[in-house]
Amino acid sequence: MKVAVHRGLYDPDDGVPVLLGTRCDACGSTFFPPLGVGCEVCGAGPDQLGSTAIAATGVLHSVATVHLYHGDDIAAPFAIGEVQLDAGPLIRCTLAEPLDLDAIGRRVEGHWVVARVDADGNEVIEPRFALIGDAAAGAGAS
Amino acid sequence: MTRTLRDLRPVRVVGVGLHPYQKPGDTPYTALGVHAVRAALADAGLAWVDIESAYTGTATTAMGMSRLMYRHLGATGIPMAQVENASASGSTAFRQACIDVAAGLVDIAIAVGVDKPLKIAMPQGPAGVRDLSGSRVAPFTHFALLANRYIYEYGATPEQLALVAVKNSRNGALNPHAQRQRARTLEEVLAPPLISGPLTRLQCCPVGEGAAAAIVASDDAIRRLRLDAARAVRVLSSASRSQTVYRGENFDAALTRETTKMALDDAGITPGDLDVVELHDAFTIEELLYIEAMGLAPAGQAAADLAEGQFDIGGRVAVSTSGGLLSMGHPIGPTGVGQICEITAQLRGEAGPRQHPGARTGLAHMVGVGAVCVVHVLSTSA
């Protein structure tokens, strides 16, 4: 069984990562991470906000390799990317592997990666982003 | 009809004082704060009984902390309140004190920034906001991403980025209130430990403890109490804004651009009129981004201008003469008030070895998690 690292942000049973965002019916804005209380652009209430599926594809806006980290969910060094999703939102995400600055501006997509296996034997998975066509991406999950 | 600060009666800084910024220790916040208040009172030639309202900029210590501190100066019963606005807490406290005086609610008010880094908590968790990066993107990684984007976009180099810390460490070495008082070479700044992206340890500000105080007064009070009018510094404008939707543009820079423009317009001046600037340089990249956002250099030009010495003491416009957050330190609540102390000292010509020649107009800028931005313009003008 697969379990999401970030509950509510994607369905771990999808074949490829799809992000669960919010669309405002009043102004047409798309958000990720999702908003539930009100629209940041026009202030519309929750009755105007609906869930929307967002493709985990976009353009790499920036990268950084993190060397100092006190959490225990991933070992430093690891890489963080800023991705301008095709659907509009600019998000921050973990990269499958570090990328040089010359990768900025290139297309990336999310791949499932097994972050850990929990005590019940479930695969705890999350999307990590890699350059489209990068053969190494997604090697950690099936 | 709304009015700006300059449309109301003049507000002037008449006294400033600091407790040195330092590594977290056992000193009670009350002792830190009272030390700064007493220094500001002595600087102004005032007694505590002359103060009519007090605002305490704080974000990381405890709730309800003002009275427990001010009682050590004599419990006069004045109105007092804590002002929390993340890194801009002290700046916002100063703004509130200025508004009190400008509106005629009081003649003399004090803004005090004081903090110990006891409970630093971000709002996303309680707000129910979750994203894909979570705790993996600490503030230094937020700015490492901006740094790499800047390097990619403008062809700047990691060495040019590090020169911000070299300059500010040189200034901090001249400041007895700075937490870091050692001038660093480029090699030292670039040396490990690496923190995130191109940022090394010395390109990230220290978060410690300390206090700063600034007393503002009306012209009525200056005359009535026979304060030294020649040392009083006019607060020309006070601008405060919060983040809107920028569609992918760097919000820290966009917010700085908007808020600084408002402050400069309200003051009736242009970026070229500024002599000294204290800005939110918690990480080296911020100084470059904000210099450009303020209009002090074209986009992509700040790194080269800095390397030429244009932002040095004695340069075109002196930036972070105090050492900035990178060297003076960033104890959160005090930081914004400490900037006012530095600008005031510069405009009075009392900054000693770090005096920028001919300083007549200065700007203080802080951003805060949220995001918010607060900018003040001070001047020797009447």
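Remember, predicted model here, so these are calculated numbers, not experimental data. (Residues numbered from 1 in each chain as written. Chains lettered and ligands numbered in written order. Predicted model: local features only at pLDDT ≥ 70, side-chain atom pairs only at ≥ 80, totals over all residues.)

## A word on the overall build of chain B
In step 1: A count of helices and strands for chain B gives 13 helices and 12 strands.
In step 2: Against the globule reference of 21 Å for 382 residues, chain B gives a C-alpha radius of gyration of 19 Å, in line with a compact fold.
In step 3: A total of 382 residues make up chain B; the buried ones form 58% of that total.
In step 4: Long-range contacts, defined here as pairs at least 24 residues apart, represent 79% of the contacts in chain B between residues at least 6 apart. (Helix = DSSP H or I, 4+ residues; strand = E, 2+ residues; numbered from the N terminus. Rg over C-alpha atoms; globule rule 2.2 N^0.38 Å. Buried ≥ 20, exposed ≤ 12 C-beta atoms within 10 Å, placed from the backbone. Contact = placed C-beta atoms within 7 Å.)

## What about the overall build of chain A?
In step 1: Along chain A, the regular secondary structure elements total 0 helices and 9 strands.
In step 2: Compactness check: chain A gives a C-alpha radius of gyration of 16 Å against a globular reference of 14 Å for 142 residues, within 12% of the reference.
In step 3: When contacts within chain A are restricted to residue pairs at least 6 apart in sequence, those whose partners lie at least 24 apart make up 49%.

## Focus: the sheet that holds strand β3 (residues 80-83) of chain B
Residues and elements named next belong to chain B.
In step 1: Strands sit in the order β3-β2-β4-β7-β1-β8-β12-β11-β9-β10 across an open sheet of 10 strands; the sheet is mixed. Pairing within the sheet leaves two strands with one partner each, and these edge strands are β3 and β10 (318-319).
In step 2: Pairing of strand β11 (residues 361-368) with strand β12 (residues 372-379), which is carried by 8 bridges, proceeds in the antiparallel orientation. Paired with T361 across the strands is S379, a residue of β12.
In step 3: Strands in contact with helix α3 (residues 89-102) are β2 (53-57), β3, β4 (108-115), β7 (209-217), β8 (233-242), β11 and β12; relative to β4, the strand with the most contacts, it is inclined by about 170°. (Pairing = 2+ DSSP bridges. Axes fitted to C-alpha atoms, helices over the stretch in contact; angles between N-to-C directions.)

## Topic: the interface of chain B and chain A
In step 1: At the interface, 21 residues of chain B touch 28 residues of chain A.
In step 2: Residue assignment for the side of chain B that touches chain A shows that the elements contributing at least two residues are α5 (139-154) and β5 (194-196) of chain B.
In step 3: The dominant element in the side of chain B that touches chain A, judged by the number of residues it contributes, is α5(B), at 7 residues.
In step 4: When grouped by side-chain class, the residues that make up the side of chain B that touches chain A number 10 nonpolar, 7 polar and 4 charged. (Nonpolar A, V, L, I, M, F, W, Y, C, P; charged D, E, K, R; others polar.)

## A short note on the nonpolar core
Residues and elements named next belong to chain B.
In step 1: In terms of nonpolar packing, the biggest core is built from 155 residues, with A40, I110, A213, A214, I215 and V216 touching the most fellow members.
In step 2: Considering each element in turn, this core owes the most residues, 9 residues, to helix α1 (residues 29-44).
In step 3: Residues contacting A214, with those up to four places away along its chain left out, are V13, V16, A40, F94, A111, V337, I340 and C341. (Core = buried A, V, L, I, M, F, W, Y, C linked by C-beta atoms within 7 Å.)

## Focus: unusual backbone geometry
For residues other than glycine, phi is negative in most cases, and the peptide bonds are mostly trans.
In step 1: With an omega dihedral of 0°, the bond running from A:A76 to A:P77 counts as a cis peptide bond.
In step 2: Note on placement: A:P77 falls in the loop between β5 (57-66) and β6 (78-85).
In step 3: With a phi angle near 55°, B:A86 is a residue other than glycine that sits in the positive phi range.
In step 4: Checked against the element boundaries, B:A86 lands in the loop between β3 and α3.
In step 5: One non-glycine residue with positive phi stands out, namely B:I332, at about 75°.
In step 6: Looking at the secondary structure, you find B:I332 in the loop between α12 (324-327) and α13 (333-348).

## So, α3(B)
Residues and elements named next belong to chain B.
In step 1: The end-to-end C-alpha separation of α3 is 20 Å, in line with the 20 Å expected for 14 residues at 1.5 Å each.
In step 2: Taking burial as the measure, the 14 residues of α3 include 12 buried ones, the bulk of the element.
In step 3: For α3, every residue scored as buried is listed here: S89, G90, S91, T92, A93, F94, R95, A97, C98, D100, V101 and A102.
In step 4: Among the residues trailing α3, G104 stands out with phi positive, at a value near 85°. (Expected span 1.5 Å × (residues − 1).)

## Notes on the pairing of strand β9 (residues 123-131) of chain A
Residues and elements named next belong to chain A.
In step 1: Sheet analysis places strand β1 (residues 2-4) next to β9, joined by 3 bridges and oriented parallel. Counted as the bridge partner of K2 is E123 from β9.
In step 2: Between strand β8 (residues 107-117) and β9, which pair antiparallel one after the other, the connecting turn spans 5 residues, and G121 there sits at a positive phi close to 85°.

## Structural notes on the packing of α3(B) against α13(B)
Residue and element names in this part refer to chain B.
In step 1: The contact between α3 and α13 brings their axes to 5 Å, and the two run at 55°. With respect to α13, the axis of α3 lies oblique. Contacts from S89, G90, S91, A93 and F94 of α3 reach α13 at G333, P334, T335, G336, V337 and I340.
In step 2: Grouping the constituent residues of the contact of α3 with α13 by class yields 5 nonpolar, 6 polar and no charged. (Parallel < 35°, antiparallel > 145°, perpendicular 65-115°, else oblique.)

## Some details on the sheet that holds strand β2 (residues 18-24) of chain A
All names here are of chain A.
In step 1: Spatially, β3-β2-β4 is the arrangement adopted by the 3 strands of the open sheet, whose pairing is antiparallel. Since the sheet does not close on itself, it has two edges, and those belong to β3 (30-31) and β4 (49-55), each with one partner.
In step 2: Relative to β3, β2 is paired through 2 bridges, and the arrangement is antiparallel. Residue pairing in the sheet places R23 in a bridge with T30 of β3.

## Some words on α13(B)
In step 1: Among the 16 residues that make up α13(B), 15 are buried, leaving the element largely enclosed by the rest of the structure.
In step 2: Immediately downstream of α13(B), the backbone of B:G349 shows phi near 80°, a positive value.

## A few points about the domain arrangement of chain A
All names here are of chain A.
In step 1: Here chain A is described as being made up of domain 1 (18-53) and domain 2 (56-131).
In step 2: Taken over C-alpha atoms, the centre of domain 1 sits 24 Å from the centre of domain 2.
In step 3: Tallying the contact residues gives 6 residues for domain 1 and 6 residues for domain 2.
In step 4: For the side of domain 1 that touches domain 2, the secondary structure elements donating two or more residues are β2 and β3. (Domains from an automatic or database assignment.)

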